[in-house]
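# Summary of structural features
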Amino acid sequence: MADFMISFLISNLWIGIMTAMLLAVQKIFRRCFTNRTKYHLWFLLLGFCIVPLLPLPAMQLPLLKPAAVFQGTAPNAAAARPEGAADWLRDFSITISKRSPLGMWKLLFLLWVTGMAVMTARVLRHTLRFYQIRQSALPLQNAALRSVYQCCLKEMHMQKQVPVYSTAYLSSPVIAGLFRQRIYLPISVISNFSKQQVRYMLLHELAHYQHKDTLVQVPMKLIRIAYWFHPLVLYALSEMQTDRETACDACVLELLCEEDYKDYGNTLLDLAQNASMPVFPFAAGISGTMIQLKKRVLNIVAFHRPTKRQRIQSRLAFLLTAVMLSGFLPLLSTHAAAGSRYNFKEAGRQVRTVDLSKQFDGYSGSFVLYDTADRTWQIYQKDAALTRIAPASTYKIYSALLALETGAITPWQSTIRWNGQTYGFASWNADQDLTSALKNSVNWYFQALDARIGMPKIQNHIRRIGYGNQCTSRDTSYYWADGTLKISPVEQVELLQKFYYNSFGFAPEHINAVKQAIRLESGHSGTLYGKTGTLGYEDGSISSWLIGFVETGSRTCFFATNIQNDGSANGQTAAQITLNILSEMHIWNNA
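Criteria and cut-off values
- Residues numbered from 1 in each chain as written.
- Predicted model: local features only at pLDDT ≥ 70, side-chain atom pairs only at ≥ 80, totals over all residues.
- Heavy atoms only, no water.
- Helix = DSSP H or I, 4+ residues; strand = E, 2+ residues; numbered from the N terminus.
- Buried < 20%, exposed > 50% of the residue type's maximum accessible area, 1.4 Å probe, protein only.
- Contact = heavy atoms within 4.5 Å.
- Areas by Shrake-Rupley, 256 points an atom, 1.4 Å probe, with all protein chains shown as cover.
- Pairing = 2+ DSSP bridges.
- Phe/Tyr/Trp six-rings, centres within 6.5 Å; stacked < 30°, edge-to-face > 60°.
- Lys NZ or Arg CZ within 6 Å of the ring centre and 35° of its normal.
- pLDDT = per-residue confidence, 0-100.
- Axes fitted to C-alpha atoms, helices over the stretch in contact; angles between N-to-C directions.
- Salt bridge = Lys/Arg side-chain N within 4 Å of Asp/Glu carboxyl O.
- Parallel < 35°, antiparallel > 145°, perpendicular 65-115°, else oblique.

Once that is clear, we can look at the overall build of the protein chain. The helix and strand tally for the protein chain stands at 21 helices and 12 strands. Taken across its 591 residues, the protein chain has 54% of its residues classed as buried. Partitioning the intrachain contacts of the protein chain with sequence separation of at least 6 by distance along the chain shows that 73% fall at a separation of at least 24. For the protein chain, the exposed surface amounts to about 26800 Å²; the carbon and sulfur share of it is 57%.

In structure tokens, the structure reads:
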């Protein structure tokens, strides 16, 4: 929920910027756009507003209670050790996380949903009102006006008859309905307006029919409901409505003689004296607010039939605007903004799916391995392997690297004195250096480093190395565990390769210092490096990692394992599963 709301708010900021850009484009290039194209520009905004809502990203599970609830031994710390494993395995511990500030996001989400519910209720009420009017309306009986209507159909080159009804419950003509559209003429209009004026009105409503304007009302209503709180979007929808009527005015004016322009404008003004905007969900009418009618009358006064050259220029300007604004689409998707899935390009790579269901018995999750010997990828559960989740303590590899790069510590002096606070893990209650802090996953050590470095440098570092979704909270204590920073198992493997070969361009001694700190064991199979990480959630589920690589001569294999289940998943178990897989693949066997 927090992910969605944060991304949705960011998307709304970009939508506001793009709305302002559309308004600026309309103003700057107003002489290039025809009335119809100016209206069509708003279709871009409708599309942009829909993008953040489709698809909705998966909601992040709320994190466990604060670290204070854990005393003594970490949960599940006594998991069985894999056969042949050395004592390094006991050094991996549960990563403690604190509760994310979800209350604020839940409140905002509730407020948003409540607003949508209110707006939806209004639409339903207006729909009911329209249904009642529809039931009471009668087919147009006036023979003279029926004759005028037939002439209007010929002028519009329309063969299909759109039913025309009269009603006493409207003050201005409208065309309404989605699949069975009807034109509704108020009895007051039939009685008080001339046949010529009624002709103008019918031509205008038929123009709405030709351009399917009542159908466009569907996305407009949905956007108004979803963005009820967004002033720029609401203003844009009002402008879109004005431009829609102006476009229909232009369509009618192209059928009239220039001498009739004034009469058409006067008809609008006469309607404005006692008319109001249609409130039906799927209706379009000739009337409008006084501000809208003023703009339309001014447009009528200045109207000139567009030439062929102007139409071509208008279309080119529209395409240019669409191409320019389409570059913002990735910024609008909450799915992309939340960074919930990694786009792994398999083209040109040897990717093989492997079945490791026996090794993962009782656990969901994934395994990814890249072998430099034959440049092949082996992936178990590809969908899970591409899904971004919190990295937990595996991020500490790169946190340590940043601390070295910024001078917060050095390869020769990395000790931080223990503050005297008693933690739930005996190994944490002592002075720590880089090696002990990484092996024991000492949270307070890395929190102290982050406090020295500062969040701006941390965020720049995460962007520089391209870590997962590159999103961090402002909390320098648990940004790698609070659900904002996420990475997929495939990305873990790719990033380990960049770390190993120092694609970051960092000091070689710093890369080597971290590499030695995560060295787990050496034997006849080579050298094993790795880092675990574990997170628990309020519902009792646990997610655990082991990432690392195995050096065997000229061959290096990079791997990432993530396991998840209710209660028994932890770093020890992830390590056990990983070692079993590596042994079966004849990559690591130190029994």
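Along a regular strand, successive side chains alternate from one face of the sheet to the other. Most of strand 7 (residues 364-371) is tucked away: seven of the eight residues are buried. Alignment of strand 7 against strand 12 (residues 555-565), held across eight bridges, turns out to be antiparallel. By the bridge assignment, Val-368 is partnered in strand 12 with Ala-560. Here strand 7 runs beside strand 8 (residues 376-380); their pairing, made up of five bridges, is antiparallel.

Looking now at the packing of aromatic side chains. For the coordinates displayed, the defined rule picks out 27 aromatic pairs. Judged by centre distance (6.4 Å) and plane angle (65°), the ring pair of Trp-444 and Tyr-445 falls under edge-to-face. On the numbers, 5.4 Å between centres and 40° between planes, the contact of Phe-504 with Phe-506 is tilted. Taken individually, Phe-504 and Phe-506 each receive the classification buried, so the pair is uniform in this respect. Put simply, the rings of Tyr-395, Tyr-398, Tyr-467, Tyr-479 and Phe-499 pair up and form one aromatic cluster. Taking NZ or CZ as reference, Lys-212 lies 5.7 Å from the ring centre of Tyr-209, over its face.

The share of residues in the protein chain with pLDDT of 70 or more is 86%, and the mean pLDDT across the chain is 84. With pLDDT under 50 throughout, residues 56-86 is counted as low confidence; its partners more than four residues away or in other chains account for 73 contacts. Note on residues 89-100: pLDDT under 50 across the span, and 57 contacts to partners over four residues away in sequence or across chains.

It is worth spelling out the sheet that holds strand 7 at this point. The mixed open sheet is built from seven strands, whose spatial order is 6-8-7-12-11-10-9. Where the open sheet ends on each side, the last strands, each with one partner, are strand 6 (350-353) and strand 9 (519-523). In this sheet, neighbouring strand axes are inclined to one another by 15° on average, regardless of whether the strands run parallel or antiparallel. Relative to strand 11 (residues 542-552), strand 10 (residues 526-536) is paired through 10 bridges, and the arrangement is antiparallel. Bridge pairing in strand 11 links Gly-536 to Ile-542. Lying over the sheet, helix 21 (residues 571-584) contacts strand 7, strand 10, strand 11 and strand 12, oriented at roughly 40° with respect to strand 11.

So, about the pattern of salt bridges. As enumerated under the stated definition, the model contains 12 salt bridges in all. For Lys-295, the salt bridge identified is with Glu-239, shortest N-O distance 2.8 Å. Placement of the pair is Lys-295 in helix 10 (residues 290-301) and Glu-239 in helix 8 (residues 231-253), with a sequence separation of 56 residues. Of the charged contacts, one joins Arg-341 and Asp-383 as a salt bridge, the two residues approaching to 2.8 Å between their closest N and O atoms. A residue pair is termed long-range when its members are at least 10 positions apart, and Arg-341 in the loop between helix 13 (334-338) and strand 6 and Asp-383 in helix 14 (residues 382-385) qualify at 42 residues. Judged by relative accessible area, Arg-341 falls into the partly exposed class, the value being 37%.

Running from N to C, helix 9 (residues 261-272) and helix 10 point in directions that differ by 175°, and their axes come no closer than 10 Å. Taken together, helix 9 and helix 10 sit at an angle that is classed as roughly antiparallel. When helix 9 is examined against helix 10, the residues Tyr-261, Tyr-264, Gly-265, Leu-268, Leu-269 and Ala-272 are found in contact with a partner set consisting of Met-290, Leu-293, Arg-296, Val-297 and Ile-300.

Let us now look at the environment of Ala-390. With respect to the helices and strands, the residue Ala-390 is situated in the loop between helix 14 and helix 15 (396-406). A C-alpha to C-alpha distance of 9.5 Å links Ala-390 and Gly-468, two positions 78 residues apart in sequence. Not counting residues within four places of it along the chain, the set of residues in contact with Ala-390 comprises Trp-480, Leu-485, Lys-486, Leu-535 and Trp-545.

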